[in-house]
Amino acid sequence: MSEHRNESTALHEIHPAGEEVQSDSEEGAMAQESPRNSAAEIPVTSNGQLEDSHEHSFNRDLKRSLPAGLGLSETKITSHDFDSTKEGVVEAGPFPGKGSRAQQKSGPVVLADEVKNPAMEKLELVRKWSLNTYKCTRQIISEKLGRGSRTVDLELEAQIDILRDNKKKYENILRLAQTLSTQLFQMVHTQRQLGDAFADLSLKSLELHEEFGYNADTQKLLAKNGETLLGAINFFIASVNTLVNKTIEDTLLTVKQYESARIEYDAYRTDLEELNLGPRDASTLPKIEQSQQMFQVHKEKYDKMRNDVSIKLKFLEENKVKVLHNQLVLFHNAIAAYFAGNQKQLEQTLKQFHIKLKTPGADAPSWLEEQ
């Protein structure tokens, strides 16, 4: 028993804290049998964690052994317990330290307050549109019921009423002229067919050759003069159509915009008047100030649209007189020359207004042009 205890004492020494320490001879034998790598020689504490001093020295040695292209700031060291199969692992990646903080601070900084949300912007636009529509609808209903006041420019309103009445009358003239053109075209077509029939009978009836011939020439002449008159009437229709459906319609579109601006102006004016009649305190003063600003904005818009309508009405009147004067002279001279049988005067009228007649089949391209 004593000999056995001496052998065990020689082999192992009991640590004062209760831990066993391996002898130098046994360590040398184990080192010869299975030499460990450098990672296995890292001393650990009692709980398996690296000591700070040895960890710094190991990192310094690792930095020296790494290639020049890979710095220590680009690596991260992960150490595991020696019970695991991996004793030391070097993973590539950003090393957490001062360098990473500096890199994060050097990047662009975006403030959250400056980011605009498109959904919130659309919601705000819908809210403003709904509020404006509500005020305008309330103003229109109040005017129709006779409860709300309305801003009226008597001179401008009279001119607008005259313009609308004239547009209806010009549309009636345009419709009648188009009917006349259609009927004249049918008559000319019939006269041409009748002239061809007389000419055919003139060749086949020797005893009535001259009589059929006279009638054939007369109908063909009437068809030719009818085509000339038809050209003048169509030119008259085109000019009046441009005046009514483009020039006057454009002015009436500006009038509609002016009326919409007038309704908005009266709606915000009424709103401001109601606020001014109410109490003035800390809660109502901001609303009154905002209402005053909106009223001023719509007042400027209303004044601008009223000025635009006045200018357009003035230019429209000048253009209308000039266009209708020329077209009425053309229409009168062409009708008078046609029914008087004055072919020369009818052709002269078309030359005076630079009207070119289209020959039958002129619109269709020739077979050479199609090739």
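Our subject in this report is the structure included herewith. Bear in mind that the values here come from a model prediction, so they are computed numbers and not experimental data.

Regarding the overall build of the protein
- Per the secondary structure count, the protein includes 10 helices and 4 strands.
- Seen in sequence order, the protein has helices and strands lined up from the N terminus as α-β-β-α-α-β-β-α-α-α-α-α-α-α.
- Here the protein, with 371 residues, has 24% of them falling under the buried criterion.
- The contacts of the protein with a sequence gap of at least 6 include a subset with a gap of at least 24, amounting to 68%.
- Carbon and sulfur atoms make up 56% of the accessible area of the protein, which amounts to about 27300 Å² in all.

Description of the nonpolar core
- Judged by nonpolar contacts, the single largest core of 41 residues is most densely connected at Ile160, Leu184, Ile248, Tyr258 and Val309.
- Those elements giving two or more residues to this core turn out to be helix 6 (154–204), helix 7 (209–277), helix 8 (285–340) and helix 9 (343–352).
- Sort the elements by how many residues they give to this core and helix 7 lands first, with 17 residues.
- When residues no more than four places from it in sequence are discounted, the contact partners of Val309 are Leu156, Ile160, Thr254, Val255 and Tyr258.

Details of the pattern of salt bridges
- All chains considered together, the criterion is met by 16 salt bridges.
- Close ionic contact of Glu264 with Lys301 constitutes a salt bridge, the shortest N to O distance being 3.4 Å. Within this pair, whereas Glu264 is found in helix 7, its partner Lys301 is found in helix 8, the two being separated by 37 residues in sequence.
- Classification of Glu264 as buried rests on a relative accessible area of 13%.
- Put simply, Arg262, Asp266, Arg269 and Glu273 are held in one network by salt bridges that share partners.

Section: the packing of aromatic side chains
- For the coordinates displayed, the defined rule picks out 6 aromatic pairs.
- With 6.1 Å between their ring centres and 35° between their planes, Phe198 and Phe212 make a pair best called tilted. With Phe198 in helix 6 and Phe212 in helix 7, this pair connects stretches of sequence that are 14 residues apart. Here the two residues Phe198 and Phe212 agree in accessibility, since each one is buried.

Conventions used here
Residues numbered from 1 in each chain as written. Predicted model: local features only at pLDDT ≥ 70, side-chain atom pairs only at ≥ 80, totals over all residues. Heavy atoms only, no water. Helix = DSSP H or I, 4+ residues; strand = E, 2+ residues; numbered from the N terminus. Buried < 20%, exposed > 50% of the residue type's maximum accessible area, 1.4 Å probe, protein only. Contact = heavy atoms within 4.5 Å. Areas by Shrake-Rupley, 256 points an atom, 1.4 Å probe, with all protein chains shown as cover. Core = buried A, V, L, I, M, F, W, Y, C linked by side-chain atoms within 4.5 Å. Salt bridge = Lys/Arg side-chain N within 4 Å of Asp/Glu carboxyl O. Phe/Tyr/Trp six-rings, centres within 6.5 Å; stacked < 30°, edge-to-face > 60°.

Honestly, that's just the spatial picture; any functional story needs more than this.
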